[in-house]
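Okay, here's what each chain looks like letter by letter:
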There are 2 protein chains.
Amino acid sequence: MTEHTDKHYELQLRNLKETILKMGGLIEEMITCSVKVLTERNSRLHEELTIKEKEVNSLEMEIDEKCLEMLALRQPAASDLRFICIGLKISKDLERIGDLAVNISQQAMELNKEPQLKPYIDLPLMATKSQKMVKEALDSFVHRDAQRAKSICEMDDEVDDLNEKIFDELVSFMQKSSDAVSRGTRLIACSKHLERVADHATNIAEQVIFMVQGQDIRHGR
Amino acid sequence: MTEHTDKHYELQLRNLKETILKMGGLIEEMITCSVKVLTERNSRLHEELTIKEKEVNSLEMEIDEKCLEMLALRQPAASDLRFICIGLKISKDLERIGDLAVNISQQAMELNKEPQLKPYIDLPLMATKSQKMVKEALDSFVHRDAQRAKSICEMDDEVDDLNEKIFDELVSFMQKSSDAVSRGTRLIACSKHLERVADHATNIAEQVIFMVQGQDIRHGR
(Lines give C-alpha, C1' and ligand atoms only; values in the text may rest on other atoms or scores of the structure.)
Protein backbone atom coordinates (compact mmCIF):
# COMPACT_ATOMS: atom_id res chain seq x y z
CA MET A 1 0.00 0.00 0.00
CA THR A 2 1.46 3.37 -0.90
CA GLU A 3 1.49 6.21 1.60
CA HIS A 4 -1.18 7.91 -0.47
CA THR A 5 -3.69 5.01 -0.43
CA ASP A 6 -2.83 4.39 3.20
CA LYS A 7 -3.95 7.91 4.05
CA HIS A 8 -7.09 7.49 1.98
CA TYR A 9 -7.85 4.25 3.79
CA GLU A 10 -7.45 5.92 7.18
CA LEU A 11 -9.82 8.64 6.04
CA GLN A 12 -12.41 6.08 4.92
CA LEU A 13 -12.18 4.28 8.24
CA ARG A 14 -12.56 7.53 10.18
CA ASN A 15 -15.47 8.50 8.00
CA LEU A 16 -17.16 5.15 8.69
CA LYS A 17 -16.78 5.68 12.46
CA GLU A 18 -18.17 9.19 12.20
CA THR A 19 -21.20 7.99 10.25
CA ILE A 20 -21.90 5.29 12.84
CA LEU A 21 -21.61 7.84 15.66
CA LYS A 22 -23.87 10.22 13.78
CA MET A 23 -26.49 7.48 13.45
CA GLY A 24 -26.04 6.72 17.15
CA GLY A 25 -26.56 10.37 18.10
CA LEU A 26 -29.73 10.48 16.06
CA ILE A 27 -31.24 7.39 17.62
CA GLU A 28 -30.41 8.70 21.10
CA GLU A 29 -32.43 11.81 20.22
CA MET A 30 -35.21 9.55 18.92
CA ILE A 31 -35.43 7.67 22.23
CA THR A 32 -35.56 10.97 24.17
CA CYS A 33 -38.22 12.25 21.80
CA SER A 34 -40.39 9.10 21.98
CA VAL A 35 -40.31 9.10 25.78
CA LYS A 36 -41.36 12.76 25.77
CA VAL A 37 -44.38 11.90 23.61
CA LEU A 38 -45.29 9.52 26.43
CA THR A 39 -44.33 11.33 29.63
CA GLU A 40 -45.03 14.91 28.55
CA ARG A 41 -48.07 13.69 26.59
CA ASN A 42 -46.79 15.74 23.68
CA SER A 43 -48.10 14.06 20.52
CA ARG A 44 -46.78 16.85 18.30
CA LEU A 45 -43.24 15.55 18.83
CA HIS A 46 -44.16 12.41 16.88
CA GLU A 47 -43.68 14.19 13.57
CA GLU A 48 -40.11 15.11 14.49
CA LEU A 49 -39.52 11.44 15.11
CA THR A 50 -40.71 10.32 11.69
CA ILE A 51 -38.34 12.84 10.05
CA LYS A 52 -35.44 11.49 12.10
CA GLU A 53 -36.44 7.92 11.22
CA LYS A 54 -36.00 8.65 7.51
CA GLU A 55 -32.54 10.05 8.21
CA VAL A 56 -31.64 6.98 10.27
CA ASN A 57 -32.79 4.69 7.45
CA SER A 58 -30.57 6.53 4.96
CA LEU A 59 -27.64 6.28 7.35
CA GLU A 60 -28.09 2.52 7.65
CA MET A 61 -27.74 2.14 3.89
CA GLU A 62 -24.86 4.64 3.80
CA ILE A 63 -22.95 2.64 6.44
CA ASP A 64 -23.52 -0.64 4.58
CA GLU A 65 -22.31 0.93 1.35
CA LYS A 66 -19.19 2.31 3.00
CA CYS A 67 -18.43 -1.09 4.54
CA LEU A 68 -18.95 -2.92 1.24
CA GLU A 69 -16.78 -0.42 -0.58
CA MET A 70 -13.95 -0.79 1.90
CA LEU A 71 -14.17 -4.58 1.69
CA ALA A 72 -14.24 -4.53 -2.10
CA LEU A 73 -11.46 -2.07 -2.82
CA ARG A 74 -9.11 -2.80 0.07
CA GLN A 75 -7.85 -5.88 1.77
CA PRO A 76 -8.22 -4.70 5.36
CA ALA A 77 -5.97 -6.11 8.05
CA ALA A 78 -7.50 -8.65 10.46
CA SER A 79 -8.56 -6.18 13.16
CA ASP A 80 -9.96 -3.66 10.66
CA LEU A 81 -11.75 -6.46 8.84
CA ARG A 82 -13.56 -7.36 12.03
CA PHE A 83 -14.29 -3.68 12.68
CA ILE A 84 -15.88 -3.27 9.25
CA CYS A 85 -17.86 -6.53 9.48
CA ILE A 86 -19.23 -5.49 12.84
CA GLY A 87 -20.09 -2.10 11.36
CA LEU A 88 -22.19 -4.01 8.83
CA LYS A 89 -23.96 -5.94 11.57
CA ILE A 90 -24.64 -3.08 13.97
CA SER A 91 -26.09 -0.71 11.38
CA LYS A 92 -29.13 -3.02 11.58
CA ASP A 93 -29.23 -2.86 15.39
CA LEU A 94 -29.21 0.92 15.24
CA GLU A 95 -31.92 1.04 12.62
CA ARG A 96 -34.09 -1.29 14.71
CA ILE A 97 -33.65 0.96 17.74
CA GLY A 98 -34.93 3.85 15.64
CA ASP A 99 -37.96 1.74 14.69
CA LEU A 100 -38.56 0.90 18.34
CA ALA A 101 -38.56 4.60 19.25
CA VAL A 102 -41.22 5.15 16.59
CA ASN A 103 -43.22 2.19 17.97
CA ILE A 104 -43.10 3.69 21.47
CA SER A 105 -44.27 7.03 20.16
CA GLN A 106 -47.15 5.38 18.23
CA GLN A 107 -48.35 3.66 21.38
CA ALA A 108 -47.92 6.91 23.33
CA MET A 109 -50.04 8.83 20.82
CA GLU A 110 -52.91 6.39 21.45
CA LEU A 111 -52.33 6.64 25.20
CA ASN A 112 -52.46 10.45 25.04
CA LYS A 113 -56.05 10.28 23.77
CA GLU A 114 -57.16 9.03 27.20
CA PRO A 115 -56.40 10.16 30.77
CA GLN A 116 -53.05 8.97 32.10
CA LEU A 117 -53.45 5.53 33.72
CA LYS A 118 -50.80 6.10 36.40
CA PRO A 119 -47.70 8.24 36.99
CA TYR A 120 -44.87 7.05 34.76
CA ILE A 121 -41.83 6.39 36.95
CA ASP A 122 -40.16 3.17 35.88
CA LEU A 123 -40.67 3.70 32.15
CA PRO A 124 -38.59 6.92 31.98
CA LEU A 125 -35.99 5.19 34.16
CA MET A 126 -35.84 2.29 31.70
CA ALA A 127 -35.54 4.75 28.84
CA THR A 128 -32.60 6.55 30.48
CA LYS A 129 -30.84 3.26 31.15
CA SER A 130 -31.36 1.86 27.63
CA GLN A 131 -30.28 5.13 26.08
CA LYS A 132 -27.10 5.14 28.14
CA MET A 133 -26.44 1.56 27.05
CA VAL A 134 -26.71 2.52 23.38
CA LYS A 135 -24.32 5.44 23.84
CA GLU A 136 -21.80 3.36 25.79
CA ALA A 137 -22.02 0.51 23.26
CA LEU A 138 -21.18 2.81 20.36
CA ASP A 139 -18.39 4.53 22.29
CA SER A 140 -16.91 1.14 23.16
CA PHE A 141 -17.13 0.23 19.47
CA VAL A 142 -15.33 3.23 18.05
CA HIS A 143 -12.70 3.17 20.82
CA ARG A 144 -12.40 -0.63 20.58
CA ASP A 145 -12.80 -0.75 24.38
CA ALA A 146 -13.83 -4.23 25.59
CA GLN A 147 -13.92 -3.21 29.26
CA ARG A 148 -16.55 -0.59 28.58
CA ALA A 149 -18.49 -3.08 26.47
CA LYS A 150 -18.58 -5.59 29.31
CA SER A 151 -20.25 -3.14 31.71
CA ILE A 152 -23.10 -2.79 29.20
CA CYS A 153 -23.95 -6.49 29.36
CA GLU A 154 -24.37 -6.06 33.13
CA MET A 155 -26.73 -3.09 32.74
CA ASP A 156 -29.00 -5.24 30.59
CA ASP A 157 -30.10 -7.24 33.65
CA GLU A 158 -31.32 -4.06 35.37
CA VAL A 159 -33.45 -3.19 32.35
CA ASP A 160 -34.87 -6.73 32.21
CA ASP A 161 -35.83 -6.49 35.89
CA LEU A 162 -37.57 -3.16 35.34
CA ASN A 163 -39.48 -4.63 32.40
CA GLU A 164 -40.72 -7.53 34.53
CA LYS A 165 -41.69 -5.20 37.35
CA ILE A 166 -43.69 -3.00 34.99
CA PHE A 167 -45.36 -6.04 33.42
CA ASP A 168 -46.53 -7.46 36.78
CA GLU A 169 -47.74 -4.08 37.97
CA LEU A 170 -49.76 -3.41 34.85
CA VAL A 171 -51.30 -6.88 34.72
CA SER A 172 -52.55 -6.40 38.28
CA PHE A 173 -53.91 -2.93 37.34
CA MET A 174 -55.80 -4.46 34.40
CA GLN A 175 -57.18 -7.27 36.53
CA LYS A 176 -58.63 -4.74 38.94
CA SER A 177 -60.27 -2.56 36.32
CA SER A 178 -61.42 -3.32 32.79
CA ASP A 179 -60.96 0.41 32.06
CA ALA A 180 -57.23 -0.10 32.39
CA VAL A 181 -56.93 -2.93 29.84
CA SER A 182 -56.37 -0.98 26.67
CA ARG A 183 -53.94 1.50 28.25
CA GLY A 184 -52.19 -1.22 30.26
CA THR A 185 -51.59 -3.32 27.15
CA ARG A 186 -50.08 -0.33 25.37
CA LEU A 187 -47.81 0.52 28.32
CA ILE A 188 -46.63 -3.11 28.44
CA ALA A 189 -45.74 -2.75 24.75
CA CYS A 190 -43.75 0.46 25.46
CA SER A 191 -41.84 -1.28 28.23
CA LYS A 192 -41.13 -4.26 25.98
CA HIS A 193 -39.86 -1.92 23.26
CA LEU A 194 -37.42 -0.29 25.69
CA GLU A 195 -36.23 -3.69 26.80
CA ARG A 196 -35.52 -4.49 23.14
CA VAL A 197 -33.52 -1.25 22.81
CA ALA A 198 -31.32 -2.48 25.65
CA ASP A 199 -31.02 -5.89 23.94
CA HIS A 200 -29.73 -4.26 20.77
CA ALA A 201 -27.18 -2.26 22.80
CA THR A 202 -26.07 -5.55 24.38
CA ASN A 203 -25.76 -7.12 20.92
CA ILE A 204 -23.44 -4.31 19.90
CA ALA A 205 -21.40 -4.64 23.09
CA GLU A 206 -20.98 -8.40 22.61
CA GLN A 207 -19.68 -7.83 19.11
CA VAL A 208 -17.23 -5.24 20.40
CA ILE A 209 -15.80 -7.74 22.88
CA PHE A 210 -15.45 -10.23 20.04
CA MET A 211 -13.76 -7.60 17.91
CA VAL A 212 -11.24 -6.55 20.55
CA GLN A 213 -10.48 -9.84 22.23
CA GLY A 214 -11.24 -12.18 19.33
CA GLN A 215 -13.36 -13.91 21.97
CA ASP A 216 -16.96 -14.62 21.09
CA ILE A 217 -18.95 -14.15 24.30
CA ARG A 218 -22.29 -14.46 22.56
CA HIS A 219 -24.25 -17.41 23.88
CA GLY A 220 -21.83 -17.87 26.80
CA ARG A 221 -19.23 -19.46 24.58
CA MET B 1 -6.39 -17.52 -8.68
CA THR B 2 -5.14 -21.00 -9.51
CA GLU B 3 -7.55 -23.76 -10.42
CA HIS B 4 -6.82 -25.36 -7.09
CA THR B 5 -7.70 -22.33 -4.92
CA ASP B 6 -10.65 -21.66 -7.19
CA LYS B 7 -12.06 -25.07 -6.37
CA HIS B 8 -11.39 -24.55 -2.68
CA TYR B 9 -13.17 -21.22 -2.82
CA GLU B 10 -16.22 -22.78 -4.48
CA LEU B 11 -16.26 -25.41 -1.75
CA GLN B 12 -16.11 -22.77 0.97
CA LEU B 13 -18.96 -20.87 -0.61
CA ARG B 14 -21.07 -24.01 -0.93
CA ASN B 15 -20.27 -24.90 2.65
CA LEU B 16 -21.40 -21.44 3.80
CA LYS B 17 -24.72 -21.87 1.97
CA GLU B 18 -25.25 -25.31 3.49
CA THR B 19 -24.57 -24.02 6.99
CA ILE B 20 -27.08 -21.20 6.50
CA LEU B 21 -29.70 -23.65 5.21
CA LYS B 22 -28.99 -25.98 8.13
CA MET B 23 -29.58 -23.11 10.55
CA GLY B 24 -32.74 -22.25 8.62
CA GLY B 25 -34.02 -25.83 8.86
CA LEU B 26 -33.41 -25.83 12.59
CA ILE B 27 -35.28 -22.62 13.23
CA GLU B 28 -38.21 -23.86 11.14
CA GLU B 29 -38.37 -26.87 13.45
CA MET B 30 -38.16 -24.51 16.43
CA ILE B 31 -41.18 -22.52 15.26
CA THR B 32 -43.19 -25.74 14.72
CA CYS B 33 -42.15 -26.94 18.14
CA SER B 34 -43.00 -23.68 19.95
CA VAL B 35 -46.45 -23.56 18.37
CA LYS B 36 -47.06 -27.15 19.47
CA VAL B 37 -46.23 -26.19 23.05
CA LEU B 38 -49.04 -23.66 22.68
CA THR B 39 -51.68 -25.43 20.59
CA GLU B 40 -51.17 -28.99 21.80
CA ARG B 41 -50.53 -27.69 25.33
CA ASN B 42 -47.45 -29.90 25.37
CA SER B 43 -44.98 -28.28 27.79
CA ARG B 44 -42.56 -31.19 27.56
CA LEU B 45 -41.57 -30.06 24.06
CA HIS B 46 -39.99 -26.96 25.55
CA GLU B 47 -36.87 -28.86 26.51
CA GLU B 48 -36.33 -29.95 22.91
CA LEU B 49 -36.48 -26.31 21.99
CA THR B 50 -33.75 -25.25 24.38
CA ILE B 51 -31.45 -27.94 22.95
CA LYS B 52 -32.11 -26.68 19.43
CA GLU B 53 -31.52 -23.10 20.57
CA LYS B 54 -27.97 -23.97 21.66
CA GLU B 55 -27.30 -25.54 18.28
CA VAL B 56 -28.67 -22.45 16.52
CA ASN B 57 -26.43 -20.21 18.61
CA SER B 58 -23.36 -22.24 17.63
CA LEU B 59 -24.37 -22.08 13.98
CA GLU B 60 -24.64 -18.28 14.15
CA MET B 61 -21.04 -18.05 15.31
CA GLU B 62 -19.92 -20.69 12.79
CA ILE B 63 -21.48 -18.72 9.93
CA ASP B 64 -19.85 -15.49 11.07
CA GLU B 65 -16.47 -17.22 11.30
CA LYS B 66 -16.84 -18.71 7.83
CA CYS B 67 -17.76 -15.31 6.39
CA LEU B 68 -14.85 -13.56 8.12
CA GLU B 69 -12.44 -16.23 6.93
CA MET B 70 -13.57 -15.93 3.34
CA LEU B 71 -13.28 -12.15 3.48
CA ALA B 72 -9.82 -12.32 5.08
CA LEU B 73 -8.20 -14.95 2.89
CA ARG B 74 -9.89 -14.27 -0.43
CA GLN B 75 -10.78 -11.21 -2.39
CA PRO B 76 -14.28 -12.23 -3.43
CA ALA B 77 -15.77 -10.83 -6.62
CA ALA B 78 -18.45 -8.15 -6.26
CA SER B 79 -21.48 -10.46 -6.26
CA ASP B 80 -19.88 -12.98 -3.90
CA LEU B 81 -18.76 -10.15 -1.63
CA ARG B 82 -22.37 -9.05 -1.28
CA PHE B 83 -23.45 -12.65 -0.72
CA ILE B 84 -20.95 -13.10 2.12
CA CYS B 85 -21.77 -9.73 3.72
CA ILE B 86 -25.45 -10.58 3.67
CA GLY B 87 -24.61 -13.98 5.17
CA LEU B 88 -23.03 -12.03 8.03
CA LYS B 89 -26.14 -9.93 8.48
CA ILE B 90 -28.76 -12.66 8.24
CA SER B 91 -27.09 -15.02 10.71
CA LYS B 92 -28.35 -12.56 13.33
CA ASP B 93 -31.89 -12.58 11.90
CA LEU B 94 -31.96 -16.36 12.09
CA GLU B 95 -30.62 -16.43 15.61
CA ARG B 96 -33.28 -13.92 16.69
CA ILE B 97 -36.01 -16.07 15.16
CA GLY B 98 -34.75 -18.98 17.27
CA ASP B 99 -34.96 -16.71 20.35
CA LEU B 100 -38.50 -15.72 19.42
CA ALA B 101 -39.54 -19.38 19.19
CA VAL B 102 -38.18 -19.88 22.71
CA ASN B 103 -40.06 -16.77 23.89
CA ILE B 104 -43.31 -18.14 22.43
CA SER B 105 -42.75 -21.45 24.16
CA GLN B 106 -42.04 -19.72 27.49
CA GLN B 107 -45.32 -17.82 27.28
CA ALA B 108 -47.11 -21.04 26.23
CA MET B 109 -45.75 -22.90 29.26
CA GLU B 110 -47.32 -20.29 31.53
CA LEU B 111 -50.56 -20.46 29.52
CA ASN B 112 -50.66 -24.25 29.83
CA LYS B 113 -50.91 -23.94 33.63
CA GLU B 114 -54.42 -22.51 33.25
CA PRO B 115 -57.44 -23.56 31.15
CA GLN B 116 -57.29 -22.50 27.52
CA LEU B 117 -58.75 -19.00 27.10
CA LYS B 118 -60.20 -19.61 23.63
CA PRO B 119 -59.62 -21.90 20.63
CA TYR B 120 -56.39 -20.95 18.88
CA ILE B 121 -57.14 -20.40 15.18
CA ASP B 122 -55.33 -17.31 13.98
CA LEU B 123 -52.14 -17.92 15.95
CA PRO B 124 -51.34 -21.26 14.23
CA LEU B 125 -52.21 -19.61 10.91
CA MET B 126 -49.75 -16.80 11.66
CA ALA B 127 -47.13 -19.39 12.61
CA THR B 128 -47.56 -21.28 9.32
CA LYS B 129 -47.29 -18.07 7.33
CA SER B 130 -44.21 -16.76 9.16
CA GLN B 131 -42.53 -20.14 8.91
CA LYS B 132 -43.16 -20.26 5.18
CA MET B 133 -41.71 -16.75 4.87
CA VAL B 134 -38.50 -17.82 6.61
CA LYS B 135 -38.12 -20.84 4.35
CA GLU B 136 -38.80 -18.84 1.20
CA ALA B 137 -36.42 -16.07 2.28
CA LEU B 138 -33.56 -18.50 2.75
CA ASP B 139 -34.30 -20.30 -0.51
CA SER B 140 -34.34 -16.99 -2.34
CA PHE B 141 -31.00 -16.19 -0.69
CA VAL B 142 -29.14 -19.33 -1.67
CA HIS B 143 -30.63 -19.29 -5.18
CA ARG B 144 -30.08 -15.53 -5.51
CA ASP B 145 -33.72 -15.26 -6.65
CA ALA B 146 -35.06 -11.70 -6.34
CA GLN B 147 -38.51 -12.57 -7.67
CA ARG B 148 -39.09 -15.06 -4.90
CA ALA B 149 -37.78 -12.57 -2.36
CA LYS B 150 -40.28 -9.96 -3.50
CA SER B 151 -43.27 -12.23 -2.83
CA ILE B 152 -42.13 -12.51 0.80
CA CYS B 153 -42.42 -8.78 1.37
CA GLU B 154 -46.05 -9.05 0.28
CA MET B 155 -46.79 -11.89 2.69
CA ASP B 156 -45.60 -9.69 5.55
CA ASP B 157 -48.73 -7.53 5.28
CA GLU B 158 -50.96 -10.57 5.82
CA VAL B 159 -49.10 -11.43 9.00
CA ASP B 160 -49.33 -7.83 10.24
CA ASP B 161 -53.10 -7.89 9.65
CA LEU B 162 -53.48 -11.14 11.60
CA ASN B 163 -51.45 -9.67 14.46
CA GLU B 164 -53.73 -6.63 14.64
CA LYS B 165 -56.86 -8.79 14.49
CA ILE B 166 -55.58 -10.98 17.35
CA PHE B 167 -54.65 -7.90 19.39
CA ASP B 168 -58.11 -6.31 19.07
CA GLU B 169 -59.88 -9.58 19.82
CA LEU B 170 -57.84 -10.24 22.94
CA VAL B 171 -58.16 -6.69 24.29
CA SER B 172 -61.93 -6.99 24.02
CA PHE B 173 -61.79 -10.39 25.78
CA MET B 174 -59.77 -8.88 28.62
CA GLN B 175 -62.11 -5.92 28.93
CA LYS B 176 -65.03 -8.28 29.39
CA SER B 177 -63.40 -10.46 32.02
CA SER B 178 -60.59 -9.77 34.47
CA ASP B 179 -59.92 -13.52 34.47
CA ALA B 180 -58.71 -13.21 30.90
CA VAL B 181 -56.11 -10.49 31.55
CA SER B 182 -53.09 -12.57 32.36
CA ARG B 183 -53.70 -15.13 29.58
CA GLY B 184 -54.73 -12.45 27.07
CA THR B 185 -51.52 -10.49 27.71
CA ARG B 186 -49.45 -13.63 27.13
CA LEU B 187 -51.28 -14.48 23.92
CA ILE B 188 -50.73 -10.93 22.65
CA ALA B 189 -47.03 -11.46 23.32
CA CYS B 190 -47.06 -14.75 21.32
CA SER B 191 -48.75 -13.03 18.41
CA LYS B 192 -46.25 -10.17 18.54
CA HIS B 193 -43.36 -12.67 18.54
CA LEU B 194 -44.71 -14.35 15.41
CA GLU B 195 -45.09 -10.98 13.76
CA ARG B 196 -41.39 -10.35 14.53
CA VAL B 197 -40.47 -13.70 12.96
CA ALA B 198 -42.14 -12.50 9.75
CA ASP B 199 -40.28 -9.17 10.04
CA HIS B 200 -36.95 -10.98 10.18
CA ALA B 201 -37.90 -13.04 7.10
CA THR B 202 -38.74 -9.77 5.34
CA ASN B 203 -35.36 -8.32 6.38
CA ILE B 204 -33.65 -11.30 4.77
CA ALA B 205 -35.75 -10.96 1.60
CA GLU B 206 -34.95 -7.26 1.28
CA GLN B 207 -31.25 -8.01 1.51
CA VAL B 208 -31.59 -10.68 -1.17
CA ILE B 209 -33.17 -8.18 -3.56
CA PHE B 210 -30.30 -5.81 -2.83
CA MET B 211 -27.80 -8.60 -3.44
CA VAL B 212 -29.27 -9.69 -6.76
CA GLN B 213 -30.33 -6.40 -8.25
CA GLY B 214 -27.87 -4.13 -6.48
CA GLN B 215 -31.01 -2.20 -5.64
CA ASP B 216 -31.61 -1.32 -2.02
CA ILE B 217 -35.36 -1.58 -1.47
CA ARG B 218 -35.10 -1.16 2.27
CA HIS B 219 -36.92 1.94 3.44
CA GLY B 220 -38.61 2.38 0.06
CA ARG B 221 -35.43 3.74 -1.48
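Residues numbered from 1 in each chain as written. Chains lettered and ligands numbered in written order. Predicted model: local features only at pLDDT ≥ 70, side-chain atom pairs only at ≥ 80, totals over all residues.

### Some words on the packing of helix α4 (residues 122-142) of chain A against helix α6 (residues 181-213) of chain A
All names here are of chain A. Heads up, the rule is: Lines fitted to the C-alpha atoms define the axes, with helices restricted to the stretch that makes contact. Angles between their N-to-C directions range from 0 to 180 degrees. Runs of H or I in DSSP of at least four residues are treated as helices and runs of E of at least two as strands, each being numbered from the N terminus. We call two directions roughly parallel when the angle between them is under 35 degrees, roughly antiparallel when it is over 145, roughly perpendicular when it lies between 65 and 115, and oblique otherwise. Should the near helix be turned anticlockwise from the far one by less than a right angle, the crossing is termed left-handed; should it be turned clockwise, right-handed. We call two residues in contact when their backbone-placed C-beta atoms lie within 7 Å. When residue character is reported, Ala, Val, Leu, Ile, Met, Phe, Trp, Tyr, Cys and Pro are called nonpolar, Asp, Glu, Lys and Arg charged, and the others, Gly included, polar.
Taken N-terminus to C-terminus, the directions of α4 and α6 make an angle of 20°; their axes are 9 Å apart at the nearest point. It follows from the interaxial angle that α4 and α6 lie roughly parallel. For the element pair α4 and α6, the recorded crossing hand is left-handed. Between α4, through Leu123, Met126, Ala127, Lys129, Ser130, Met133, Val134, Ala137, Leu138, Ser140 and Phe141, and α6, the contact on the second element is made entirely by Cys190, Ser191, Leu194, Val197, Ala198, Ala201, Ile204, Ala205 and Val208. Among the residues forming the contact of α4 with α6, the class breakdown is 16 nonpolar, three polar and one charged.

### Quick look at unusual backbone geometry
Residue and element names in this part refer to chain B. The condition is simple: The burial label depends on the number of other C-beta atoms within 10 Å of a residue's C-beta. Counts of 20 or more mean buried, 12 or fewer mean exposed, and intermediate counts mean partly exposed, with C-beta atoms placed from the backbone.
The backbone phi angle of arginine 41 is positive, close to 50°, even though this residue is not glycine. Position of arginine 41 among the secondary structure elements: in the loop between α1 (3-39) and α2 (45-73). Judged by the 15 C-beta atoms lying within 10 Å of it, arginine 41 is partly exposed. The phi torsion at arginine 144 lies on the positive side, around 50°, for a residue other than glycine.

### Focus: the interface of chain A and chain B
Listed by partner, the interface residues are 25 residues for chain A and 25 residues for chain B. Those elements that place two or more of their residues in the side of chain A that touches chain B are α2 (45-73), α3 (78-111), α5 (146-176) and α6 of chain A. When residues of the side of chain A that touches chain B are assigned to their parent elements, the largest contribution, seven residues, is made by α3(A). Grouping the constituent residues of the side of chain A that touches chain B by class yields 12 nonpolar, seven polar and six charged.

### Some details on the relation of the copies chain A and chain B
Applicable threshold: The copies are overlaid by a least-squares fit using only the C-alpha atoms of residues whose pLDDT is at least 70 in both copies.
Structural alignment of chain A on chain B gives an RMSD of 0.0 Å, achieved by rotating through 180° and translating 0.0 Å along the axis. This pairing of chains is accounted for by a two-fold axis. Looking at the rotation axis and the C-alpha trace of chain A, the residue lying nearest is Lys89(A), at 2.7 Å. Of all interface residues in chain A, 100% are interface residues in chain B too; the two copies therefore contact each other through one and the same surface.

### What to know about helix α6 (residues 181-213) of chain B
All names here are of chain B. The criterion, for reference: Between the first and last residue of a helix there are one fewer steps than residues, each counted as 1.5 Å, and that sum is the expected span.
For α6, which comprises 33 residues, the first-to-last C-alpha distance of 48 Å matches the rise-based estimate of 48 Å (1.5 Å per residue) to within 8%. Burial within α6 is extensive, with 28 of its 33 residues counted as buried. Phi turns positive one or two residues past the end of α6, at glycine 214, with a value near 65°.

### Regarding the nonpolar core
The condition that has to hold: We define a nonpolar core as a collection of buried residues of the types Ala, Val, Leu, Ile, Met, Phe, Trp, Tyr and Cys that are connected via C-beta atoms lying within 7 Å of each other.
By size, the foremost hydrophobic cluster in this structure holds 123 residues, and its most contacted members are Ile27(A), Ala137(A), Ala201(A), Ile27(B), Leu38(B), Ala137(B) and Ala201(B). For Ala137(A), the residues in contact, after removing those within four places along its chain, are Ala149(A), Ile152(A), Ala201(A), Ile204(A) and Ala205(A).

By themselves, these are just geometric observations and shouldn't be taken as functional.
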